[in-house]
Amino acid sequence: MSGLVLDRLEVRAKGMLIVALDAVVNPGEVLTIMGPSGSGKSTALAAIIGTLGPEFSLSGRLVLDGRDLTGLPTRARRVGLLFQDDVLFPHLSVGGNLAFALPAALRGRRARRAAVEAALAKADLAGFADRDPATLSGGERARVALMRTLLAEPRALLLDEPFSRLDAGLRDRIRAFVLDLIRAAQIPAILVTHHADDAQAAGGRILDPLGRPVPPGT
Amino acid sequence: MTADGVLRFAPRLTLLLMAGPVIAGLAGTLRPAFEADGMARLLDWPGLPRAAALSLGTGIASTLLSLAIALGLVAALQGGRLFALILRLLSPLLAVPHAAAALGLAFLLAPSGWIARVLSPWATGWTEPPDLLILNDPAGLALTAGLVLKEVPFLLLILIAALPQADAPRRLMLMASLGYGRVAGWMLAVLPAVWPQMRPAVYAVLAYSMTAVDMAIVLGPALPPTLSAQLVLWMTSPDLSIHPVAAAGALVQLGLVLAALALLRCAETGLARLGCRLALTGRREIWADRWLGPLAAGAGLLVVLVMAGGMAGLALWSFAGPWVFPDALPERLGLDAWARAAPGLGPAALETLLLAALSAALATGLVLACLEAESRFGLKPGGGALWLLWLPLIMPQVAFLPGLAELGLRSGVEGSTGAVAAAHLVFVLPYVFLSLAAPWRAWDSRIAVAGAALGATPGRIFWQLRLPMLLRPILTAAAVGFAVSVGQYLPTLLIGGGRVTTLTTEAVALSSGGNRRIIGTYAMLQLALPLFAFALALALPAALFRNRAGMRPGA
């Protein structure tokens, strides 16, 4: 069965319940987890990506396309991650950042270079492969980060407030670009945010970290 | 064993390589102290009280003086342009080996030294070198000055590294808004937060200053010399019957250092209590700002000036042709001294380079493994591990190196380059660790999460992300290790059994002979090697990442 299943996923710290999610995210769907800072959003994110600290205890299961992810290390989960900042690798070129994400199974320098060029063209960044990431604009960096995430062929996507650092005009365009790509890739996605308009634009269900539906417009 | 298993073992292996030789050597040195009435014979030696007093006096005086200058500079001037200038001038001096600094000072201060030449005969009336005991003075003043030259840059950099955790700018602003003077505000509000972090460094400086042998040989008094210098004379004496006396002396030296450390600890407590009492009185002490700033700046600039003068003197003498007293400059310059020194200089430089490259590479590898293990397995080094790290720097070298040499002799490795490199490693490791740990831990860990989310293994994250991103601090730490190894005198002398000759051992050995031109060539090369290493550590990442704005310092 395809999709991301949060099967009574619960996280506790010192006995206190911080995260309680029980949901199925279908391919192409975006589930939004919303709440003010300190509400357990980042803990939910860490539980799904697999970077929960030892002070937390996790129960329940996380199943992606029928594969149980619970207990797997981050690198084996195939859950792509988009940060609040782009977190591009500063020592690599734009092309190097993308090639880092390409699966090793794609062999041959020319084939890998072609895959990178294709991804850049898709993001309206043709010819950017040899550029220094530090010289890119905010919107360009956000798009490179997204393409890097997608090139690793993730089976699900996790978005950690990826639009909050962008200014208003740019924000709508990048958001539309990201959401279109998710729908086109037909993978389940979870958006973590405290912005109501991001949640609205995602167009899916909106839950708080404890699994309670958040009424639209809050 | 898997790579993970090896990595998990790295911190314990590193601590073993550092603390093991210290503890084994200590036991080996002190055991003979109780044989052949070594202690009784030591107590019969008439020079003992004076040698012990010299060790205590020069060590404590130089530590307090360097500490006062470093604290004064930061308390009165930090943040200003004068401070930035002094810092920029002082930090490269950290790479100057102790022996080179001592020789440079000796070339300035000696009765036939550069200062006397510049001032003669017009100011002094001297037409030949006066018969004065300025250098190797019986009170150890020249030695104290030499130690201060080396310890001020070290303490200043340690202090600056500790500042970010002390929240200094906000505390200072608060104190200023309460009407406190800058210096008083710093001493009352910032120093208490900074001190615990710099305490091990201060202890190391005190222990080192009390027992430095190379500096004591060049600058210190003779008949008697400082206790440690005398111990080394005994230890390297072909007369084996004197060795138990040396061992007993090492025990006394260790006791003296521990007593001085205890004294310092008491002084800390007392001063802290005094500070709290002062704080309760609410006195703003603005007067301190007026004279402490200029005083500290003057002292800092004097350190820079004397060091620079000393280095320039070494260079000048190594290229000097005929140079009669009291001419301020040589008649002409030439390469005569270099040509004459070359047959000995070449092999010594090569040996120095080999030892430094070996120990620095090994230390950097081990420290990287430790830090990677720490990140990968979430290990948290305890306070005990931190003190173990400082152990080789706080424990007097004369108290454990002889025992270690004895061990090497019995196992047959004494005198080999490998054994000396291993001994250097004991001192190189702590410095490499201390300089790399902070940048390593400050690395943005989201990079690792981003890499893992893209499917990268921990190994790939280490080799392709963390290592290249931290290349500059890693190479700088390696250069620090390299410089530490180049400067090692006693480990090379004792573990090398006299058969491993480096620029440092040779320069110190030559210092009593008085051929300034030849000494100058050795000291110049001794100075050039660490500078070359630091230049490489800066140039290589700059060249590799010349097109990456995000990799520039401060980016």
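Computed from a prediction, not measured in an experiment: that's the story for all the values here. (Residues numbered from 1 in each chain as written. Chains lettered and ligands numbered in written order. Predicted model: local features only at pLDDT ≥ 70, side-chain atom pairs only at ≥ 80, totals over all residues. Heavy atoms only, no water.)

With respect to the overall build of chain A
Then, number 1: Within chain A one finds seven helices and nine strands.
Then, number 2: Here the C-alpha radius of gyration of chain A, 17 Å, is about what a compact globule of 218 residues would show, namely 17 Å.
Then, number 3: Here chain A holds 218 residues, and the buried ones make up 52% of them.
Then, number 4: For chain A, restricting intrachain contacts to residue pairs at least 6 apart in sequence, the fraction spanning at least 24 positions comes to 68%.
Then, number 5: For chain A, the accessible surface area stands at approximately 9,700 Å², while carbon and sulfur atoms represent 53% of it. (Helix = DSSP H or I, 4+ residues; strand = E, 2+ residues; numbered from the N terminus. Rg over C-alpha atoms; globule rule 2.2 N^0.38 Å. Buried < 20%, exposed > 50% of the residue type's maximum accessible area, 1.4 Å probe, protein only. Contact = heavy atoms within 4.5 Å. Areas by Shrake-Rupley, 256 points an atom, 1.4 Å probe, with all protein chains shown as cover.)

Side note on the overall build of chain B
Then, number 1: Of the regular secondary structure elements, chain B holds 23 helices and zero strands.
Then, number 2: Here the C-alpha radius of gyration of chain B, 24 Å, is about what a compact globule of 555 residues would show, namely 24 Å.
Then, number 3: Taken along its principal axes, the extent of the C-alpha atoms in chain B is 75 × 60 × 55 Å.
Then, number 4: When burial is assessed residue by residue, chain B has 54% of its 555 residues classed as buried.
Then, number 5: A sequence separation of at least 24 residues applies to 83% of the contacts in chain B between residues at least 6 apart.
Then, number 6: On chain B, roughly 23,800 Å² of surface is accessible, and the fraction owed to carbon and sulfur atoms is 70%.
Then, number 7: Here chain B holds 35 positive side-chain charges and 24 negative ones, and the gap between their average locations is 15 Å. (Lys, Arg positive; Asp, Glu negative; His and termini not counted. Charge placed at Lys NZ, Arg CZ, Asp CG, Glu CD.)

Comments concerning helix H16 (residues 397-411) of chain B
Residues and elements named next belong to chain B.
Then, number 1: A rise of 1.5 Å per residue sets the reference length of H16, with its 15 residues, at 21 Å; its end C-alpha atoms lie 21 Å apart and thus fit the reference within 8%.
Then, number 2: Those residues of H16 that fall on the buried side of the exposure criterion are Gln 397, Val 398, Ala 399, Phe 400, Leu 401, Pro 402, Gly 403, Leu 404, Ala 405 and Gly 408.
Then, number 3: Check the buried side of H16 and you find it contacts helix H1 (3-30), helix H11 (227-235), helix H12 (243-281), helix H15 (383-394), helix H17 (417-442) and helix H21 (490-495). (Expected span 1.5 Å × (residues − 1).)

Remarks on the pattern of salt bridges
Residue and element names in this part refer to chain A.
Then, number 1: Applying the stated criterion across every chain, the model contains 22 salt bridges over all chains.
Then, number 2: Between Asp 7 and Arg 8 there is a salt bridge; the shortest N-O distance is 3.7 Å.
Then, number 3: Asp 7 gets classed as partly exposed once you look at its relative accessible area, which sits at 22%.
Then, number 4: According to the relative accessible area criterion, Arg 8 is exposed, its value standing at 58%. (Salt bridge = Lys/Arg side-chain N within 4 Å of Asp/Glu carboxyl O.)

Observations regarding the interface of chain B and chain A
Then, number 1: Tallying the contact residues gives 23 residues for chain B and 25 residues for chain A.
Then, number 2: Between chain B and chain A the total buried area reaches about 2,000 Å² when both faces are included, carbon and sulfur atoms providing 70% of it.
Then, number 3: Counting the surface chain B buries against chain A, the share from its top three residues, Arg 446, Leu 454 and Arg 548 of chain B, is 33%.
Then, number 4: Summed over the shared surface of chain B and chain A, the result is one salt bridge.
Then, number 5: Here Arg 446 of chain B ties to Asp 85 of chain A by a salt bridge, and the two come within 2.8 Å at their closest N and O atoms.
Then, number 6: The tally of links from chain B across to chain A stands at five residue pairs in polar contact (both at pLDDT 80 or more).
Then, number 7: Mapped by element, the contributors of at least two residues to the side of chain B that touches chain A are helix H18 (446-453) and helix H19 (458-469) of chain B.
Then, number 8: The leading source of residues in the side of chain B that touches chain A is H18 of chain B, at seven residues. (Buried area = accessible area lost by both parts, 1.4 Å probe. Polar contact = N/O pair within 3.5 Å; in protein donor to acceptor, adjacent residues only side chain to side chain.)

Looking at the domain arrangement of chain B
A common way to report how large an interface is uses the accessible area buried once the components associate.
Residues and elements named next belong to chain B.
Then, number 1: You can read the domains of chain B as domain 1 (1-29 + 337-555) and domain 2 (35-314).
Then, number 2: Of note, the centres of domain 1 and domain 2, computed from C-alpha atoms alone, are 24 Å apart.
Then, number 3: Taken together, the 33 residues of domain 1 in the interface contact 37 residues of domain 2.
Then, number 4: Of the roughly 2,700 Å² buried at the junction of domain 1 and domain 2 (both faces included), carbon and sulfur atoms supply 81%.
Then, number 5: Of all residues in domain 1, Trp 390, Val 398 and Arg 516 give up the largest surface area on contact with domain 2, accounting jointly for 22% of the area buried on that side.
Then, number 6: Between the two partners, domain 1 and domain 2, sit zero salt bridges.
Then, number 7: Taken together, domain 1 and domain 2 are joined by two residue pairs in polar contact (both at pLDDT 80 or more).
Then, number 8: Taken together, the elements giving at least two residues each to the side of domain 1 that touches domain 2 come down to H1, H15, H16, helix H20 (471-487), H21, helix H22 (503-511) and helix H23 (516-544). (Domains from an automatic or database assignment.)

Here we look at the sheet that holds strand E5 (residues 67-68) of chain A
Adjacent strands of a sheet form backbone hydrogen bonds with each other and so pair up, either parallel or antiparallel.
Residues and elements named next belong to chain A.
Then, number 1: Pairing is antiparallel in the open sheet, where four strands are placed in the order E2-E1-E4-E5. If you trace the sheet from one side to the other, it starts and ends with strand E2 (16-25) and E5, each paired once.
Then, number 2: Across eight bridges, the pairing between strand E1 (residues 4-13) and strand E4 (residues 56-64) is antiparallel. From the neighbouring strand, Ala 13 faces E4, where its bridge partner is Phe 56.
Then, number 3: Contacting E1, E2 and E4, helix H1 (residues 41-49) crosses the sheet at an angle of about 125° to E1. (Pairing = 2+ DSSP bridges. Axes fitted to C-alpha atoms, helices over the stretch in contact; angles between N-to-C directions.)

What about the side chain of Thr 29 of chain B?
Residues and elements named next belong to chain B.
Then, number 1: Looking at the secondary structure, you find Thr 29 in helix H1.
Then, number 2: Classification of Thr 29 by relative accessible area gives buried; the value is 3%.
Then, number 3: There is a polar contact of 2.7 Å between the side chain of Thr 29 and the backbone oxygen of Gly 25.
Then, number 4: Engagement of the side chain of Thr 29 in a polar contact is seen with the backbone oxygen of Ala 399, the distance being 2.9 Å.

As for the packing of aromatic side chains
Then, number 1: This structure, assessed with the given rule, holds ten aromatic pairs over all chains.
Then, number 2: A centroid spacing of 6.3 Å and a plane angle of 50° characterise the contact between Trp 440 of chain B and Phe 462 of chain B, whose relative ring orientation is tilted. One end of the pair, Trp 440 of chain B, is in helix H17; the other, Phe 462 of chain B, is in helix H19, with 22 residues separating them in the sequence.
Then, number 3: Each residue in the set Phe 107, Trp 317 and Trp 323 of chain B is aromatic and connected to the rest through ring pairs, giving one cluster.
Then, number 4: When the ring centre of Phe 128 of chain A is taken as reference, the NZ or CZ atom of Arg 131 of chain A above it lies at 4.8 Å.
Then, number 5: Residue placement shows Arg 516 of chain B over the ring face of Phe 107 of chain B; its charged tip is 5.5 Å from the ring centre. (Phe/Tyr/Trp six-rings, centres within 6.5 Å; stacked < 30°, edge-to-face > 60°. Lys NZ or Arg CZ within 6 Å of the ring centre and 35° of its normal.)

Topic: the packing of helix H5 (residues 98-109) of chain B against H23 of chain B
Residues and elements named next belong to chain B.
Then, number 1: Running from N to C, H5 and H23 cross one another at 145°; their axes reach a closest spacing of 9 Å. At the point where H5 passes H23, the crossing takes the left-handed sense. Across from Ala 99, Ala 100, Leu 103 and Phe 107 in H5, the residues of H23 making contact are Arg 516, Ile 519, Gly 520, Ala 523 and Gln 526.
Then, number 2: In terms of residue class, the contact of H5 with H23 is made up of six nonpolar, two polar and one charged. (Left-handed = near helix turned anticlockwise from the far one by under 90°. Nonpolar A, V, L, I, M, F, W, Y, C, P; charged D, E, K, R; others polar.)

Let's talk about the pairing of strand E8 (residues 189-193) of chain A
Residues and elements named next belong to chain A.
Then, number 1: Among the five residues of E8, five are classified as buried, and the element is accordingly described as predominantly covered.
Then, number 2: Across the two faces of E8 the burial is the same, with Ala 189, Leu 191 and Thr 193 and Ile 190 and Val 192 all buried.
Then, number 3: Sheet topology places strand E3 (residues 30-34) next to E8; five bridges connect them, and they run parallel. Each bridged residue has a counterpart across the sheet, and for Met 34 the counterpart in E8 is Thr 193.
Then, number 4: Relative to E8, strand E7 (residues 156-160) runs parallel, the two being bridged by four bridges. If you follow Leu 158 over to E8, its bridge partner there is Ile 190.
Then, number 5: Read as a crossover between parallel neighbours, the route from E7 over helix H6 (residues 168-185) to E8 is right-handed. (Right-handed = clockwise from strand over helix to strand, strands pointing away.)

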